[in-house]
Amino acid sequence: MTAIDGKTVWGARGGGSAAPHLVAALAHGSGAVPGQVAVGEKSNEIPAARELLQLLDLDGVVVTMDALHTQHDTAALVAGAGGDYVLTVKANQKSLYAQLKTLPWASVPAVTRTDRGHGRRATRTVKVVDVPAWVEFTAATQVAQLRRTVTCKGRRTLEIVYLITSADARTAPPAVLAAWVQSHWEIENRLHWVRDVTFDEDRFQIRTGNAPRVMAGLRNTAITLLRLDGHHNIAAALRHHARDTDRPINLLLRA
């Protein structure tokens, strides 16, 4: 499984130019980063994500993306490459969201899971039905309603989103589909957060040419190598390898 998401390198803005925005892929589970592309100055994340997808081997891969990328052409690209997609529909896509909202969800059986940790309780309820004929996404087989209720310090928030996926009911029953959507956010916690906090990327002020993109790529490579070597805490792994100059070399030789 692969998650696709973008991140802005804020420290590289200045001199009249905008901060570079980069779109990366993260492998669910392993935390490896198989690719990254930059968003063009006069473009946006959508074509950049398609460019990145074309660089990846998607055969048999499930691709998760946020609501920005719930686009017909993106779905067709993934399906055409032999992969499956899980796309989110939120209220920013008013027409499609409204259509999905009108489906008879009250009569659909629900699968519910509650997780507790870090002082919060999150309950996810998912309902899945076969894709209606009017959903025109290439290879779509199922649509789902996902309700997320989070209680933290006595405050309760509710979010309802909808999903469109090309994965069929055998491959992606409700519990699996909900788990895929939840694990999509590994890209925030295991990549973007690590680059921001561990590597202090947003205060890194190299701005010339492709240098910000190259440096972000080097950070991605370091994260990938350490993760594939079995390290879960990247900050601790960096300290470990800094104590002995032979360790980084040995890590590269094992890659």
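Heads up: the structure comes first, above all this text.
Scope of this entry: the structure provided in the associated data block. (Residues numbered from 1 in each chain as written. Predicted model: local features only at pLDDT ≥ 70, side-chain atom pairs only at ≥ 80, totals over all residues. Heavy atoms only, no water.)

### Some details on the environment of Arg147
Line of reasoning, step 1. Position of Arg147 relative to the elements: it lies in strand β8 (residues 142-152).
Line of reasoning, step 2. Relative accessible area serves as the criterion here: at 31%, Arg147 is assigned to the partly exposed category.
Line of reasoning, step 3. Sequence-wise, Arg147 and Ile160 are 13 residues apart; in three dimensions their C-alpha atoms are separated by 4.5 Å.
Line of reasoning, step 4. Excluding its chain neighbours within four sequence positions, the residues that come into contact with Arg147 are Thr123, Arg124, Thr125, Leu158, Glu159 and Ile160. (Helix = DSSP H or I, 4+ residues; strand = E, 2+ residues; numbered from the N terminus. Buried < 20%, exposed > 50% of the residue type's maximum accessible area, 1.4 Å probe, protein only. Contact = heavy atoms within 4.5 Å.)

### A few points about unusual backbone geometry
Line of reasoning, step 1. At Ala139, a position not held by glycine, the phi torsion is positive, near 65°.
Line of reasoning, step 2. In this fold, Ala139 is placed in the loop between β7 (120-130) and β8.
Line of reasoning, step 3. The exposure class assigned to Ala139 is partly exposed, which follows from its relative accessible area of 43%.
Line of reasoning, step 4. Phi at Lys153 takes a positive value of approximately 55°, unusual for a residue other than glycine.
Line of reasoning, step 5. Residue classification places Lys153 among the exposed residues on the basis of a relative accessible area of 82%.

### Here we look at the packing of helix α5 (residues 186-198) against helix α6 (residues 211-228)
Line of reasoning, step 1. Relative orientation of the contacting elements α5 and α6 amounts to 125°, with a least axis distance of 11 Å. With respect to α6, the element α5 is oriented oblique. In the crossing of α5 with α6, the sense of the turn from one axis to the other is right-handed. Touching Arg190, Leu191, Val194 and Arg195 of α5 are Ala216, Arg219, Asn220, Ile223 and Arg227, all from α6.
Line of reasoning, step 2. Tallied by class, the residues present in the contact of α5 with α6 amount to 4 nonpolar, 1 polar and 4 charged. (Axes fitted to C-alpha atoms, helices over the stretch in contact; angles between N-to-C directions. Parallel < 35°, antiparallel > 145°, perpendicular 65-115°, else oblique. Left-handed = near helix turned anticlockwise from the far one by under 90°. Nonpolar A, V, L, I, M, F, W, Y, C, P; charged D, E, K, R; others polar.)

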